[in-house]
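Report on the structure
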Amino acid sequence: PHIHGNKNFVKIWNKWFNKNYLSGTLLQDNESGGIWLIKNNERRPITSKAAFHTRFDNANVIPVGKSTIIQYPIGAPIKFPNYSLLRSPRGTVYLIVDDKRRGFTSQEAFRALGFSPDEIIDVAWADLDAYIESTPITTESVYPKGALLQDNITGGVFAIEDGKKRPIMSKEILYKNFFSPSIVQVTKDDLNEYTTDTALKFPDGTLIAVNDSPDIFVISDGSRHHIQDEVTFLSYGWQWNQIIWTNERSVLLHPLSTPVTTDTNTETELEIANSEK
């Protein structure tokens, strides 16, 4: 019972039982059933089923104990479904898209794009502060909720976002981003009206691998993190059936970042008490 023994206990405990989950991970409390999004080293409570089902994939949820969740400070709650219409105390109406809010520049823009005043929810500034201010919506805006357009000749599918088109490289990326995709066929000339942007990636928290490859990656902030080995994989609570197998091109869209590891070599870091003769 000396100070070095206490330090060693803490280090071993942290290495084996406290996991540093990456940004974009969905954790579910084993006891309460509550689901939290780990984002920027905070835990954001998802407080409504509608908000969860319009933004996240239940297949990515990891069941954990409460002690794992409470190690993160609480962040802003996620309580509004995607594409909610929120009105600020100042009267501006915003369209919510993931973590962004887009304000309508006028009532004409609101009406021209087919939105109904009955859908508007009055909220406080605290509710809106959880969202990043993004491009305003004008009468010239096209597909403010986004759309999926398919080249009627080549079959290529593009996600339309904010006046730009993002190529979708595989059906796996398509179905992980859009739960019930509605695809509209258009001509090449129609697609040429949009500026080409970067290809759409897998959502954060997705486990991916190239077909017939042993290397498994998890996506966080758009990058891929190699999972060191089977022990690490299982210790984080992932399941083998969560892995999305896809083509190499879809995996390489995500730049390689730091690996996910379980450091079992504690010997070199343990404090050793100096003995006096």
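Above: the structure in question.
Bear in mind the structure is a predicted one, so any value in this text is a computation, not a measurement. In this convention, every chain numbers its residues from 1, walking through the sequence in written order. Only residues with pLDDT of at least 70 are given local features in this predicted model, and only at 80 or more are side-chain atom pairs given and counted; all residues enter the totals for whole chains, interfaces and linings. Only hydrogens and water are set aside when side-chain values are computed; all heavy atoms of the structure are taken into account.

1. Details of the side chain of D57
This is how it is decided: Numbered from the N terminus, helices here are DSSP runs of H or I no shorter than four residues, and strands are runs of E no shorter than two. In protein, a polar contact requires one atom able to donate a hydrogen and another able to accept it; more generally it is a pair of N or O atoms within 3.5 Å, and residues adjacent in sequence count only if both atoms are side-chain atoms. We call two residues contacting when some pair of their heavy atoms lies within 4.5 Å.
Relative to the helices and strands, D57 resides in the loop between helix 2 (49–55) and strand 4 (61–64). A polar contact of 3.0 Å, which involves the side chain of D57, links it to the backbone nitrogen of A59. Among the polar contacts listed, one links the side chain of D57 to the side chain of K176, at a separation of 2.6 Å. Excluding residues within four positions of it along the chain, D57 makes contact with L26, F52, K176 and F179.

2. Notes on the sheet that holds strand 3 (residues 42–45)
Applied cut-off: Between any two strands, at least two bridges found by DSSP are needed for them to pair. Structural elements are reduced to axes, namely lines fitted to C-alpha atoms, with helices fitted over the stretch in contact, and the angle between N-to-C directions of any two is expressed from 0 to 180 degrees.
Read from one edge of the open sheet, four strands run 3-2-1-4, paired in mixed fashion. This sheet does not close on itself; its edge strands, each paired only once, are strand 3 and strand 4. With direction set aside, neighbouring strand axes in the sheet form an average angle of 35 degrees. Examined bridge by bridge, strand 2 (residues 35–39) and strand 3 share four bridges and lie antiparallel to one another.

3. A short note on the sheet that holds strand 6 (residues 93–97)
In space, the five strands of this open sheet follow the order 8-5-6-7-9, with mixed pairing throughout. At either margin of the open sheet sits one strand with a lone partner, and together these are strand 8 (120–122) and strand 9 (132–133). Here strand 7 (residues 100–103) pairs with strand 9 via two bridges, running parallel. Bridge pairing in strand 9 places R101 opposite E133.

4. A closer look at empty space enclosed by the protein
We count it as follows: Using protein atoms alone on a 1 Å grid, points that fit a 1.4 Å probe yet trap it form a cavity, whereas open point sets bounded by protein on both sides within 12 Å along at least five of seven lines form a pocket; residues with an atom within 4 Å of a point count as lining. Grid points are joined across faces, edges and corners, and a volume is the space filled by probe spheres set on the points. Polar here means any residue outside two lists: the nonpolar Ala, Val, Leu, Ile, Met, Phe, Trp, Tyr, Cys and Pro, and the charged Asp, Glu, Lys and Arg; Gly therefore counts as polar.
Under the counting rule described, the total for this entry stands at one cavity of 30 Å³ or more. For the largest cavity, the calculated volume is near 40 Å³. N20, Y21, L22, T25, V218, Y236, W238 and V260 are the residues that line the largest cavity. Here the residues of the lining of the largest cavity sort into six nonpolar, two polar and no charged.

5. Brief notes about the environment of D29
Under the convention used in this document: Only protein chains enter the accessibility calculation, which uses a 1.4 Å probe. A residue is then buried if its area is under 20% of the maximum for its type, exposed if over 50%, and partly exposed in between.
By secondary structure assignment, the location of D29 is in strand 1 (residues 25–29). Looking at D29, the relative accessible area reads 9%, which means it is buried. When the C-alpha positions of D29 and V64 are compared, they lie 5.6 Å apart, and in sequence the two are 35 residues distant. Every residue in contact with D29, bar those within four places of it in the chain, is listed here: G34, V64, K66 and I69. One polar contact links the side chain of D29 to the main-chain amide nitrogen of S32, over a distance of 3.4 Å.

6. Overview of the pairing of strand 17 (residues 223–226)
Alignment of strand 16 (residues 217–220) against strand 17, held across four bridges, turns out to be antiparallel. Across the sheet, residue I219 finds its bridge partner in strand 17, namely R224. Connecting strand 16 to the antiparallel partner strand 17 that follows it, the hairpin turn spans two residues, and D221 within it adopts a positive phi of roughly 50 degrees.

7. Points about the nonpolar core
What counts, and what does not: Residues grouped as a nonpolar core are buried Ala, Val, Leu, Ile, Met, Phe, Trp, Tyr and Cys residues, joined through side-chain atoms within 4.5 Å.
Within the largest apolar cluster, 18 residues are counted, with the highest numbers of intra-cluster contacts made by Y21, L27, L207, I227, F233 and W238. Going through the elements one at a time, strand 2, strand 4 and strand 15 (207–210) are the ones with two or more residues in this core. Discounting residues that sit within four places of it in the chain, L27 has contacts with Y21, G34, I35, W36, I38, I62, V64, T68 and I69. Counting residues in hydrophobic clusters, the runner-up holds 13 residues, among them A159, I168, I219 and V251.

8. Observations regarding the pattern of salt bridges
Pairing between side chains of opposite charge can happen when their charged atoms approach one another. Keep this limit in mind: In the sections that follow, a salt bridge refers to a side-chain nitrogen of Lys or Arg positioned within 4 Å of a carboxyl oxygen of Asp or Glu.
Summed over all chains, the structure comprises eleven salt bridges. R55 is paired through a salt bridge with D99; the nearest N and O atoms lie 3.1 Å apart. Placement of the pair is R55 in helix 2 and D99 in the loop between strand 6 and strand 7, with a sequence separation of 44 residues. Each member of the pair R55 and D99 is classed as buried. A salt bridge links D122 to R87; the nearest nitrogen and oxygen atoms lie 2.7 Å apart.

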